[in-house]
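# Observations on chain architecture
Each chain, letter by letter, is given below.
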Amino acid sequence: MSYDDVILGRRSIRGYKPDPVPRPLIEEIIALAMRAPSSMNTQPWNFYIITGEPLDRIRAGNTERNLAGVPQSREFRFGAEFTGQHRDRQVSVAKQLFGAMGIAREDKQGRQDWVLRGFRQFDAPVCVIVTYDRVLDGSDDAPFDCGAVTTALVNAAWSRGLGAVINSQGIMQSPVVREHAGIADDQVIMKSVALGWPDETFPANAVISERKPVADATVFVGFDE
């Protein structure tokens, strides 16, 4: 694929085929992703790549704890709830997804099942947990750099025919993730990425989230009109 094909064609994948993803392919994708820039080449990121029985245990633990009402224990802070235009965009993509899946507003069970799907890493065959070195905790550069490498990862995956979706649901119950992924104490859990072969029959996979116009996002200074 050309660069433009990857950037313009990539979309978040929430439904996957059960087919395994070969480890050499994942290693190739990670190697590409790690060409992402980082502050002063610190490369604060690490990746825990999980499949099979350990991933099944994480799915089960996440689901059980959430259904039991155990408070979330995400290690990277949320910030304030979205309001205004940010909330509007959040609601807009949710409407797109629920519409594609045929989940009505009053369908509480359908909506809960959708949420639980996120806690199960969307039933993808692979989960990538992105962490950063705890010695850098408190620096804004480290999570910024992890965002860059995670974006590079999902784009590299797309260029190889794989789908992915960056998410936080899979790491809401961090003790479960730490236990079954064997995450070292010197790491902070940042994000998770579901990874696998896209199921083209899954309705939500056709959803393309909207982007605001360039004119709304940019301020040009010193340019001729």
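Here, the structure is the one placed above.
First things first, this report covers the structure right here in the doc.

### Focus: the sheet that holds strand β4 (residues 187-196)
- Pairing is antiparallel across the open sheet formed by four strands, whose spatial order is β1-β2-β4-β3. Only two strands of the sheet have a single partner each, and these edge strands are β1 (45-51) and β3 (163-167). Direction aside, the axes of adjacent strands within the sheet are offset by 25° on average.
- Two strands pair when backbone bridges link them, and β3 and β4 are joined in this way by five bridges, in the antiparallel orientation. When the sheet's bridge partners are listed, Gly 163 is paired in β4 with Gly 196.

### Here's the deal with helix α7 (residues 174-181)
- If you check which residues of α7 are buried, you get Ser 174, Val 176, Val 177, Arg 178 and Ala 181.
- Residues of α7 that are buried make contact with β1, α3 (52-67), β2 (126-133) and β4.
- Residue Gly 182 follows α7 closely and has a positive phi angle near 65°.

### Section: helix α5 (residues 108-119)
- Relative to the 16 Å expected for 12 residues at 1.5 Å per residue, α5 spans 17 Å between its end C-alpha atoms, a close match to the ideal helical length.
- For α5, the full list of buried residues reads Gly 110, Trp 114, Leu 116, Arg 117, Gly 118 and Phe 119.
- On its buried face, α5 sits against α3, α4 (84-101) and β3.
- Note on α5: the residue one or two positions beyond its end, Gln 121, has a positive phi of about 60°.

### Observations regarding the nonpolar core
- Counting 27 residues, the largest nonpolar core has Phe 47, Val 128, Leu 153 and Leu 195 as the members making the most contacts within it.
- Only α2 (23-33), β1, β2, α6 (141-159) and β4 provide two or more residues apiece to this core.
- The dominant element in this core, judged by the number of residues it contributes, is α6, at seven residues.
- In this view, Leu 195 contacts Tyr 16, Ile 26, Ala 124, Pro 125, Val 126, Val 128, Ala 157, Leu 162, Gly 163 and Ala 164; residues no more than four positions away in its chain are not counted.
- Core analysis: the second largest hydrophobic core is formed by 12 residues, Tyr 48, Val 177, Ala 181 and Ile 183 among them.

### Brief notes about unusual backbone geometry
- For Asn 41, which is not glycine, the phi dihedral falls at a positive 60°.
- Counting through the fold element by element, Asn 41 comes out in the loop between α2 and β1.
- Residues other than glycine seldom take positive phi values, yet Gln 121 does so here, at roughly 60°.
- Along the chain, Gln 121 falls in the loop between α5 and β2.

### Let's talk about the side chain of Thr 63
- Along the chain, the position of Thr 63 falls in helix α3.
- Only 2.9 Å separates the side chain of Thr 63 from the backbone oxygen of Arg 59, close enough to count as a polar contact.
- Those residues in contact with Thr 63 that lie beyond four places of it in its chain are Leu 116 and Arg 120.

So, how was this worked out
- Residues numbered from 1 in each chain as written.
- Predicted model: local features only at pLDDT ≥ 70, side-chain atom pairs only at ≥ 80, totals over all residues.
- Heavy atoms only, no water.
- Pairing = 2+ DSSP bridges.
- Helix = DSSP H or I, 4+ residues; strand = E, 2+ residues; numbered from the N terminus.
- Axes fitted to C-alpha atoms, helices over the stretch in contact; angles between N-to-C directions.
- Buried < 20%, exposed > 50% of the residue type's maximum accessible area, 1.4 Å probe, protein only.
- Contact = heavy atoms within 4.5 Å.
- Expected span 1.5 Å × (residues − 1).
- Core = buried A, V, L, I, M, F, W, Y, C linked by side-chain atoms within 4.5 Å.
- Polar contact = N/O pair within 3.5 Å; in protein donor to acceptor, adjacent residues only side chain to side chain.

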